[in-house]
Amino acid sequence: MDLNENSEYSYGTSSVFRYIDWWTIILYALLVIAGAVSIYAATYNFDHANMFDFSEFSGKQFVWIGLSFIIGFSLLMIDGRMYEAYAYPIYALMILLLMVTIVIAPDVKGSRSWIVLGPVSIQPAEFAKTATALCLAKLFSTYNFVLNRSYKNYLWAGLIIGLPIVLILLQQETGSALVYTALIFVLYREGMSGFVLFAALCAVTFFVVAIKFSTIGLMGIPIGVFSVYVMIIVIIIGMLLIYCRSLILGRNVALGFIGYGLLGAGLVLLGVNINGHLFFLLGIGAAVIYLLIGMFHDDLKKVMITISFALASVVFLFSVNYVFTDILEPHQQMRIKVALGIDQDLRGAGYNVNQSEIAIGSGGVTGKGFLNGTQTKLKYVPEQHTDFIFCTIGEEQGFIGSAAVLVIFLTLIIRIIIIAERQRTAFARVYAYSVASYMIFHVCINVGMVIGLCPVIGIPLPFFSYGGSALWGFTFLLFILLRIDASRREYGD
Amino acid sequence: MRKDYNLEKRKYVIGGFFFLIVVIYLVRLFVLQVCDTTYKINADTNAFLQKIIYPSRGLIYDRNDSLVVLNQPAYDVMLIPRDVQPFDTIDFCNTLQITRSDFDARMADMKDPHKNPNYSSYTQQVFMAHLSAQDYGRLQEKLYRFPGFFIQKRILRQYNYNCAANILGDVREVNGNDIEKDNYYKPGDYTGDLGIEKSYEKYLRGEKGVEILIRDAYGKIKGKYNNGRNDKAPVAGKDLKLSIDMRLQRYGEQLMQHKIGAIVAIEPATGEILALVTSPTYDPNLLIGKQRGTNYRDLVNNRFRPLFNRAIMGAYPPGSTFKTTQALILRQEGIVSLSTMFPCYHGYINGHLKVGCHGHASPIALKQALQTSCNAYFCWGFFYMMGKRSKYKSTSDAFEVWKKHLVSMGYGYKLGVDLPGESRGFIPNSAFYDKTYGKGSWVGNTIISVAIGQGEILATPLQIANLGATIANRGYYITPHVVKEIKGGKLPANLLQRHQPTIEKRYYYDVIDGMRMSVLGGTCHGADFADVQVCGKTGTAQNPHGRDHSAFMGFAPMNVPKIAICVYVENAGFGATYGVPIGSLMMEKYLKGSISSARKGLESRMMNANTITMTSSGSKRK
């Protein structure tokens, strides 16, 4: 680093604009403006036509946008080191605010997440994201902090992430709470074993397959469950071969399962009634016992993990049905069923999704044109200016428009990852990855829900969905990142 | 700060994960927006309420321009299930004067995929059709209380004459089949069902108009779409002018009451059908409105099958009326000359075979044979034709020639009348007999009864009347048809087509002489009326199921024929008993406008005669 440059701009704010990441600013501005225009289109009323009428959603959104520019500018004016210095107090204040919210927030459709301040309502959960990211970043920037060095580190990180989740769940805002789970990407980037991500992926896959294919098929068990058993066996063999790098164990287990499978198939063909659960449990159990005996020749820890995986998978499989029917609320079950295509429920949970698919599908390649969308305009799509704003883009701007929006988001997130990787402090990097993780989660879930690929989870599309809190929340996240990124050059390392 | 390059690589996993998701979403968007078009249709039905404006259905006049069929307004209660919000069901039921269980049954029927395969909660469905004016008035006042329901004004038929139901047909609601065949129809539309309502449906129905309204998700109408520029005004259906003379038609139906059978009267020069009577028949007013369903079912279940239009669907043995065709064929093929005489010893006796005949002079020539309806003459003629090896290589060849002549006269195939359900009758071919008797093992005598219009031969009354018209025209006919004119349109060309049978014109004069002699001093005695010279031929068709059928074919006046006619009365005995008098009265009615006082007695005898026996109805014959 050039020391001259450093000394020249040692302290002050004018330097910020020299070092700021203009790419991000441009992408941000693009998204925010496109968002306001979409809100105008979504709430366009035949009687009112003024985009800037403050009694309309679009007019209000312009006010929020104007304020968010001011917020953004103010955030840039604050010394970048302040965020690191005050990360813990900010987090503590935010947790306090979340707690207070549960008590003082009025009940709005079952949710207690809004604090009403005269004419404005704000949702603290949106701002808690920033505080949590700062706090997590601060934890990772502790002197000599290495995530994998001690399980206590995981405990602290888990606590920082878990606290807001619990409080927001208490506010009955499941969607906003789930957003924090995205921070698993940050832990992964900072050294958490990739196996956790893999296990999470397996869990989601097992869950979907076991729930979706519930018709009884082979060996008297549902096709989905049968498939999950087969997947577990394939993964065990794969882990032995690739993860444990044990050719002998992998080969023996594979051969064992092939022989066992052929035996089972033969018995079924001969008309013997085999209980599928018993068959697979015996098979997997035998493999586990074999590995327990055989593992001492190999990398003990990795084989243990493989065995744990096998056992955990089986337990998980058995708990899927229990979780689905006994823990999830009926409306949540229905949302999952709709997303998995098991149930249409066009009058209930499926109505939104069906209508939004109709709206998007009717857009065609080029869309119906600005303000010409009939579906969103005529209120067929509920929540069209908030959670379902993507519909309006799909209907009026067509495939080209909606693809463009997705590509802009992709660009923005790649840009944030680039920014994250060029940071020299763990604080800045962890914070940047937190921002990226939140964004990934919001975009994936929101767009996925609108196009019918994810269950309906009510979270906004960043910068697009109507509402001051969400917009400001993301503005906070992004501009603090820009300020920290700018000070990287300002102060050097 | 220490940098862990191993961990830095993980940015690719995180970035790659999001990249992958974006790609999946782009594919999904592509499928939704570009590949799948059903969403566009859904979107339109979603946001646009296409209010159908039904055109007025074409009116129907008879050949004398008197109005036969007209329209009357009716009101249907419709609903769009998705728009229905909770309402006071009791009040609704009371207003329509139905019970709660009626209400539930109607709702269930509407949603039943078997009864209403096109059910969709987004489109309008018929809740209850044909409201009375009082019910309509009551409901109209309260309609605002039942969101999602509305009243659709419709048009029902009204009939000025309570006759000719078999020609006019009726109008019914479309079913799934109709909608599948023709995408013009939407559930709740009406279509012609029988008669010309069906065959001229495309002219009569006009074109539906549509008013496009924009509505929001709550079903509230937000105004006209595009200021009504995309609306379409309905186009009224085209009026039809029938060739039917309704007075003659009604008279024919009166004559045929208490009888089973048919009358067909044709104007020979034009092929226009003047009357097309089937008996028993029904009042067309039965198939209008609310009661249509039950009445229709009753008609279907009626043992005399009034819906069976015997005039064009009934296939009967033509009996002796068929001898005129034989005379023409025998002359054309040069089998007989006018002086050829055949013996008749109370019948045709050839080896062991005997076909009976009644008493008359013997031997006998062609014209006298027609006059007296001699069976023997035509049997001999047929026998010699089938056996004439100097002309035909085999019986089979001879038979094919014989059959070809008959087909050219309109037998064995549909004539193409503009009414649905016409039967083709039956003329066997040699392959048919090859199959029955074995190839080459049948000769003229094997099948001798076809020579006198018995045996396998079947013809519709329309075909027999058409033969009368052909003879009256001295050698040609125009496709018989019941519609004379489509107002503002053109009759299909095939209805005006002139058909030329394979018989030379000169031979028709011999047959006409024979038919005239039959009236003057033969089986058709008494067919003449006033100063009109009638030509005729009786038929007494043997019928294995009961009494003989009484038939008559004729035309008048002899030299300038204005009407050709076929009368067919099932189980009524000799052709002379019912066929001739009824045919004669019909001709008099048409040509003179009324029946002379001298024949009033005959008229009332015919009208009051009851020939219905329980043994048969024409439909049972194949």
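Small disclaimer: the values here were computed from a predicted structure and weren't measured.

Criteria and cut-off values
Residues numbered from 1 in each chain as written. Chains lettered and ligands numbered in written order. Predicted model: local features only at pLDDT ≥ 70, side-chain atom pairs only at ≥ 80, totals over all residues. Heavy atoms only, no water. Helix = DSSP H or I, 4+ residues; strand = E, 2+ residues; numbered from the N terminus. Contact = heavy atoms within 4.5 Å. Areas by Shrake-Rupley, 256 points an atom, 1.4 Å probe, with all protein chains shown as cover. Pairing = 2+ DSSP bridges. Buried < 20%, exposed > 50% of the residue type's maximum accessible area, 1.4 Å probe, protein only. Polar contact = N/O pair within 3.5 Å; in protein donor to acceptor, adjacent residues only side chain to side chain. 1 Å grid on protein atoms, 1.4 Å probe; cavity = no way out; pocket = protein on both sides within 12 Å on 5 of 7 lines; lining within 4 Å. Points joined across faces, edges and corners; volume = space filled by probe spheres on them. Nonpolar A, V, L, I, M, F, W, Y, C, P; charged D, E, K, R; others polar. Expected span 1.5 Å × (residues − 1). Arc of directions from axis to C-beta. Patch = residues over 30% accessible without salt bridge, like charges linked within 9 Å, V, L, I, M, F, W, Y side chains within 5 Å. Salt bridge = Lys/Arg side-chain N within 4 Å of Asp/Glu carboxyl O. Phe/Tyr/Trp six-rings, centres within 6.5 Å; stacked < 30°, edge-to-face > 60°. Core = buried A, V, L, I, M, F, W, Y, C linked by side-chain atoms within 4.5 Å. Axes fitted to C-alpha atoms, helices over the stretch in contact; angles between N-to-C directions. Left-handed = near helix turned anticlockwise from the far one by under 90°. pLDDT = per-residue confidence, 0-100.

Across its full length, chain A holds 20 helices and two strands. In chain A, of all internal contacts separated by at least 6 residues, the share reaching a separation of at least 24 is 69%. Approximately 21,300 Å² of chain A is accessible, and the part contributed by carbon and sulfur atoms is 69%.

Turning our attention to the pairing of strand E14 (residues 353–356) of chain B. The pairing of strand E13 (residues 347–350) of chain B with E14(B) spans four bridges and is antiparallel. Across the sheet, B:Gly347 pairs through a bridge with B:Gly356, a residue of E14(B).

To continue, consider the environment of A:Ile25. Structurally, A:Ile25 is set in helix H3 (residues 22–42). Classification of A:Ile25 by relative accessible area gives buried; the value is 15%.

Quick look at the side chain of B:Glu201 now. Residues and elements named next belong to chain B. Assignment of secondary structure puts Glu-201 in helix H10 (residues 201–204). Judged by its relative accessible area of 5%, Glu-201 falls in the buried class. Separated by 2.8 Å, the side chains of Glu-201 and Arg-57 make a polar contact. Among the polar contacts made by the side chain of Glu-201, one reaches the side chain of Thr-191 at a distance of 3.3 Å. If we ignore the near neighbours within four places in the chain, the residues touching Glu-201 are Arg-57, Tyr-185, Tyr-190, Thr-191, Gly-192 and Ile-196.

Right, let's talk about the layout of surface pockets for a bit. Rolling a probe over the atoms, with the probe sized like a water molecule, indicates the empty space that remains. All names here are of chain B. For the second largest pocket, the calculated volume is near 1,400 Å³. What lines the second largest pocket is a set of 48 residues, and nearest its centre among them are Val-126, Ala-129, His-130, Glu-173 and Tyr-190. Within the residue set of the lining of the second largest pocket, elements represented by two or more residues are helix H5 (100–111), strand E4 (125–131), strand E5 (149–159), strand E6 (171–173), helix H8 (176–181) and helix H12 (292–301). With six residues, the single largest contributor to the lining of the second largest pocket is E4. When its residues are assigned to classes, the lining of the second largest pocket shows 20 nonpolar, 12 polar and 16 charged.

Residues and elements named next belong to chain B. Given a rise of 1.5 Å per residue, 12 residues ought to cover 16 Å, and the 17 Å separating the end C-alpha atoms of H5 matches this to within 8%. Turning to H5, its buried residues number three or more, namely Phe-103, Met-107 and Met-110. The buried residues of H5 occupy one face: seen down the axis, they fall within an arc of 60 degrees. Against strand E3 (67–79), helix H4 (89–96), E4 and E5 lie the buried residues of H5.

Take a nonpolar patch on the surface next. Residue and element names in this part refer to chain A. A surface patch of nonpolar side chains, amounting to about 650 Å² of accessible area, comprises Leu-93, Leu-96, Leu-97, Met-99, Val-100, Val-103 and Ile-104. Positionally, Ile-104 belongs in helix H6 (residues 87–104). Ile-104 gets classed as exposed once you look at its relative accessible area, which sits at 52%.

To continue, consider the pairing of strand E11 (residues 261–267) of chain B. Residue and element names in this part refer to chain B. With respect to burial, E11 is a largely interior element, seven of its seven residues being buried. Two strands pair when backbone bridges link them, and E11 and strand E12 (residues 272–279) are joined in this way by seven bridges, in the antiparallel orientation. Counted as the bridge partner of Val-264 is Leu-276 from E12. Linkage of E11 to E12, two consecutive antiparallel strands, is achieved through a turn of four residues, within which Gly-271 is found at a positive phi near 75 degrees. With six bridges joining them, E11 and strand E20 (residues 563–569) adopt antiparallel strand pairing. Residue pairing in the sheet places Ile-266 in a bridge with Ala-564 of E20.

Residue and element names in this part refer to chain B. A full pass over the atoms with the stated rule returns 51 aromatic pairs over all chains. With a centroid separation of 4.5 Å and an interplanar angle of 45 degrees, the aromatic rings of Phe-92 and Phe-149 are classed as tilted. With Phe-92 in helix H4 and Phe-149 in strand E5, this residue pair connects regions lying 57 residues apart in the sequence. Taking the relative accessible area as the measure of exposure, Phe-92 reaches 0% and is therefore buried. Under the relative-accessibility criterion, Phe-149 is labelled buried at 6%. With centroids separated by 5.2 Å and ring planes inclined at 45 degrees, the aromatic side chains of Tyr-433 and Trp-442 adopt a geometry described as tilted. Both residues of the pair, Tyr-433 and Trp-442, belong to the buried class.

The next thing to look at is the environment of A:Ser38. Residues and elements named next belong to chain A. With respect to the helices and strands, the residue Ser-38 is situated in helix H3. Once the C-alpha coordinates of Ser-38 and Phe-390 are considered, the two residues, 352 residues apart in sequence, prove to be 8.3 Å apart. Discounting chain neighbours no more than four positions away, the residues touching Ser-38 are Ile-389, Thr-392, Ile-393 and Phe-464.

A:Leu136, A:Phe390, A:Tyr431, A:Met439 and A:Phe463 are the most contacted members of the largest nonpolar core, which has 117 residues in total. Here this core takes 18 residues from helix H19 (residues 426–450) of chain A, the largest share from any one element. Leaving out residues up to four positions away in the same chain, A:Leu136 has contacts with A:Ala157, A:Ile160, A:Ile161, A:Leu183, A:Val186, A:Val430 and A:Ser434. Membership of the second largest hydrophobic core comes to 101 residues, among which are B:Ile196, B:Ile335, B:Ile452 and B:Leu491.

Residues and elements named next belong to chain A. Between helix H7 (residues 124–140) and H19, whose axes approach to 8 Å, the crossing angle comes to 145 degrees. In this structure, the crossing between H7 and H19 has a hand that is right-handed. On H19, the residues that touch Lys-129, Thr-130, Thr-132, Ala-133, Leu-134, Leu-136, Ala-137, Lys-138 and Phe-140 of H7 are Ala-426, Phe-427, Val-430, Tyr-431, Ser-434, Tyr-438 and His-442. Taken together, the residues of the contact of H7 with H19 break down into 10 nonpolar, four polar and two charged.

Before going further, it helps to examine the sheet that holds E20(B). Residue and element names in this part refer to chain B. What the five strands build is an open sheet, ordered E12-E11-E20-E19-E18; its pairing is antiparallel. Strands with a single pairing partner mark the edges of an open sheet, and in this sheet they are E12 and strand E18 (535–541). Mean inter-strand twist for the sheet, computed between neighbouring axes without regard to direction, equals 5 degrees. The strands touched by helix H11 (residues 246–255) within the sheet are E11, E12 and E20, with E12 carrying the most contacts at an inclination of about 25 degrees.

Here we take up the environment of B:Val580. Structurally, B:Val580 is set in helix H21 (residues 579–592). In sequence terms B:Val580 and B:Ser550 are 30 residues apart; their C-alpha atoms lie 8.7 Å from each other.

On to the pattern of salt bridges. Tallying each qualifying case throughout the model produces 38 salt bridges over all chains. Residue B:Asp189 is joined to B:Lys208 by a salt bridge in which the shortest nitrogen-to-oxygen separation is 2.3 Å. Of this pair, B:Asp189 sits in the loop between H8 and strand E7 (190–192) while B:Lys208 sits in the loop between H10 and strand E8 (209–215), placing them 19 residues apart in sequence. With a relative accessible area of 1%, B:Asp189 lands in the buried category. Exposure remark for B:Lys208: the relative accessible area of 11% places this residue in the buried category. A single salt-bridge network, built from bridges that share partners, covers A:Asp21, A:Arg415, A:Arg422, A:Asp485 and A:Arg488.

Here we come to the confidence of the model for chain A. Predicted confidence across chain A gives a mean pLDDT of 83, with 88% of residues reaching 70 or more. Predicted confidence is poor over residues 1–11 of chain A, with pLDDT under 50, and the contacts of this stretch with residues over four places away or in other chains come to 15 contacts.

Residues and elements named next belong to chain A. Its 25 residues give H19 an end-to-end C-alpha distance of 36 Å, which sits within 8% of 36 Å, the value for a rise of 1.5 Å per residue. Among the 25 residues of H19, 25 are classified as buried, and the element is accordingly described as predominantly covered. Gly-452 sits one or two residues past H19 and shows a positive phi near 80 degrees.

What follows is about the confidence of the model for chain B. Residues and elements named next belong to chain B. Mean pLDDT over chain B: 87, with 93% of residues reaching 70 or higher. When the criterion is pLDDT under 50, residues 614–622 qualifies, and its contacts beyond four places in sequence or with other chains add up to 31 contacts. Here the predicted complex carries an ipTM of 0.86, next to a pTM of 0.57.

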